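Fold and contact review
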There are 2 protein chains.
Amino acid sequence: MVLDVNRQAPREPKYYQVKRHLLQLIDTLPPGSLVPTERVLTVELGTSRTTVRQALSELVGEGRLVRRQGSGTYVAEPKIAWLLHMTSFTEQAAAAGYSASTQLLDAVRERASDDIAARLAIKPGAAVYCIERLRLADGTPMAVETSYLSAARFPGLIGHVRKTSSLYQVLADVYDTKPVNADETIETAAASPREAELLNTDTGSPMLVLGRHSFDAEGEPIEWVHSWYRGDRYVFVAKLAAGH
Amino acid sequence: MVLDVNRQAPREPKYYQVKRHLLQLIDTLPPGSLVPTERVLTVELGTSRTTVRQALSELVGEGRLVRRQGSGTYVAEPKIAWLLHMTSFTEQAAAAGYSASTQLLDAVRERASDDIAARLAIKPGAAVYCIERLRLADGTPMAVETSYLSAARFPGLIGHVRKTSSLYQVLADVYDTKPVNADETIETAAASPREAELLNTDTGSPMLVLGRHSFDAEGEPIEWVHSWYRGDRYVFVAKLAAGH
DNA sequence: GTATCAGAGTTGTCTAGTCCATTTGCATCG
DNA sequence: CGATGCAAATGGACTAGACAACTCTGATAC
């Protein structure tokens, strides 16, 4: 009978050795530098291209490297900090020193799924507006934002949104409604082909998904939004104080 | 001369078709259900095991599936919401209905890197305490937390921390210091083998990294902490109000 | 009955290779 | 001189398969 000493130690995968090697290299190079090609690393490190690519993919996902097909792999710029608070995208961007713009991708009326219905406090199957927008900062795509609002509560919303780019402006001017509270959720996900295309990244790359569930002064839900940010590009920042 | 119509359309990768197929399947099954094995999916969908595994890996990373080596792949439980606010881990856990515990992994005195020094407003190379702890909720590991504090400002800290599990308690009782403000950062990363082992997950799986930079009433930095949570298990929740 | 063990089945890791899409630089042509 | 086209080099997607590590079940031994 063999006694199994240190079973618990999960040995380091080979691809992780490659990753550590690359991390060391990256730390010595300025952003924009070219790193060795996949095929060169394959022979240098005595491993397969698949293994090298796994290490590279993780580093790309963490925002340390950028790959450009046909060209090469480069050291990435540091991530951009994005402050979370209760204002519009435009104000947030301005506070961070960017000029924000918005591109309306889609605005349709559809039936609420069970999940959406519950969040908007309406019946499943009731009409909702689904508004999809691309947020840009200094012209580069930053986030894909999808908003859901009750069609019964905001009749004709789509027409207004097509004319005025700011949804919050429309809510205030036309419907006299203003969000005063919100629950925000933050989680990770992988980019779908659609988001990847819009945000100019790869399908499956890690994303930060910000959900916002906002309420008016009476506590009624106004909208449910989720915004997809590239996880390799952005860090969310929240400022907290002890008294809540 | 061939005119390149719709160059922009990046066709859907094959693995993503597999992923969508699996998502449809998952939506019909309760948590804990067994999904078909990798080899079965390989023949059912007419693809290679590598491609099937890529789809599965993304779904595992998004918390939709759980893989158990030697056993099979199962539909995962929904993610757990974790409220962000300016209290201790223990209080946070209690508010969410968990009984929290902490395991001290390591507590050493070391020299501050440039980054740490800047955050703690001390000189690079000055002594800092590095305290690594495993946070558990109802006995299951939840996060790996690494704190950095100035050794000059909190002499003998390690000894106190070894006796009292709560760092904030020690800061209040022994050093009469209390954090009143904090900047929190949230970003994505991939698990290192060490974190993966401690959190009982796989190397490279997506993580949510919460950074906390806290300050006392005078605006002096007290500590710099980063906590690694499993991105497939947790959603962070922040409550915001309009008046900031 | 109970414990043990072998084997089948599963996921985990890695390899070596093919073919495609895109970029880039160079040679060629006008 | 400029534009064009070609070829090399690069990353992107996928395949088929080997072997390892682990789990579970059923047959067997006691």
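Refer to the structure above for everything that follows.
To keep things clear, this report deals only with the structure shown in the data block.

This brings us to helix α3 (residues 49-61) of chain B. Compared with an ideal rise of 1.5 Å per residue, which puts 13 residues at 18 Å, α3(B) spans 18 Å between its outermost C-alpha atoms and is within 8% of the ideal. Those residues of α3(B) that are buried are in contact with β8 (181-190) of chain A together with α1 (14-27), α2 (38-44), β2 (65-68), β3 (72-75) and β9 (206-215) of chain B. The first or second residue beyond α3(B) is B:G63, which carries a positive phi of 80°.

If you check α1(B), its first and last C-alpha atoms are 20 Å apart, about what 14 residues at 1.5 Å a residue would give, namely 20 Å. Inspection of α1(B) places B:Y15, B:Y16, B:V18, B:K19, B:L22 and B:I26 among the buried residues, and these make up the whole buried set. Here the buried residues of α1(B) occupy an arc of 150° about the axis, which is enough to place them on one side. Facing away from the buried side of α1(B) by more than 90 degrees, the exposed set consists of B:Q24 and B:D27. Its buried side turned inward, α1(B) meets β8 and α8 (193-199) of chain A together with α2, α3, β2 and β3 of chain B.

Frequently, the measure chosen for interface size is the accessible area that the parts lose on association. On the chain A side, the residues contacting the 45 residues of chain B number 45 residues. With both chains or domains summed, chain B and chain A bury close to 3400 Å², and 58% of this area falls on carbon and sulfur atoms. It is B:I186, B:T188 and B:L240 that lose the most area in chain B upon contact with chain A, and together they represent 19% of the buried surface on that side. Summed over the shared surface of chain B and chain A, the number is four salt bridges. At the boundary of chain B with chain A, the tally comes to 13 residue pairs in polar contact (both at pLDDT 80 or more). Of all the elements in the fold, those that place two or more residues in the side of chain B that touches chain A are α1, α3, β8 (181-190), α8 (193-198), β9 and β11 (234-241) of chain B. It is β8(B) that provides the largest number of residues to the side of chain B that touches chain A, a total of 10 residues. Looking at side-chain class alone, the side of chain B that touches chain A contains 24 nonpolar, 11 polar and 10 charged residues. With six bridges joining them, β8(A) and β11(B) adopt antiparallel strand pairing. Bridge pairing in β11(B) places A:A182 opposite B:L240.

Criteria and thresholds
- Residues numbered from 1 in each chain as written.
- Chains lettered and ligands numbered in written order.
- Predicted model: local features only at pLDDT ≥ 70, side-chain atom pairs only at ≥ 80, totals over all residues.
- Heavy atoms only, no water.
- Helix = DSSP H or I, 4+ residues; strand = E, 2+ residues; numbered from the N terminus.
- Expected span 1.5 Å × (residues − 1).
- Contact = heavy atoms within 4.5 Å.
- Buried < 20%, exposed > 50% of the residue type's maximum accessible area, 1.4 Å probe, protein only.
- Arc of directions from axis to C-beta.
- Buried area = accessible area lost by both parts, 1.4 Å probe.
- Salt bridge = Lys/Arg side-chain N within 4 Å of Asp/Glu carboxyl O.
- Polar contact = N/O pair within 3.5 Å; in protein donor to acceptor, adjacent residues only side chain to side chain.
- Nonpolar A, V, L, I, M, F, W, Y, C, P; charged D, E, K, R; others polar.
- Pairing = 2+ DSSP bridges.

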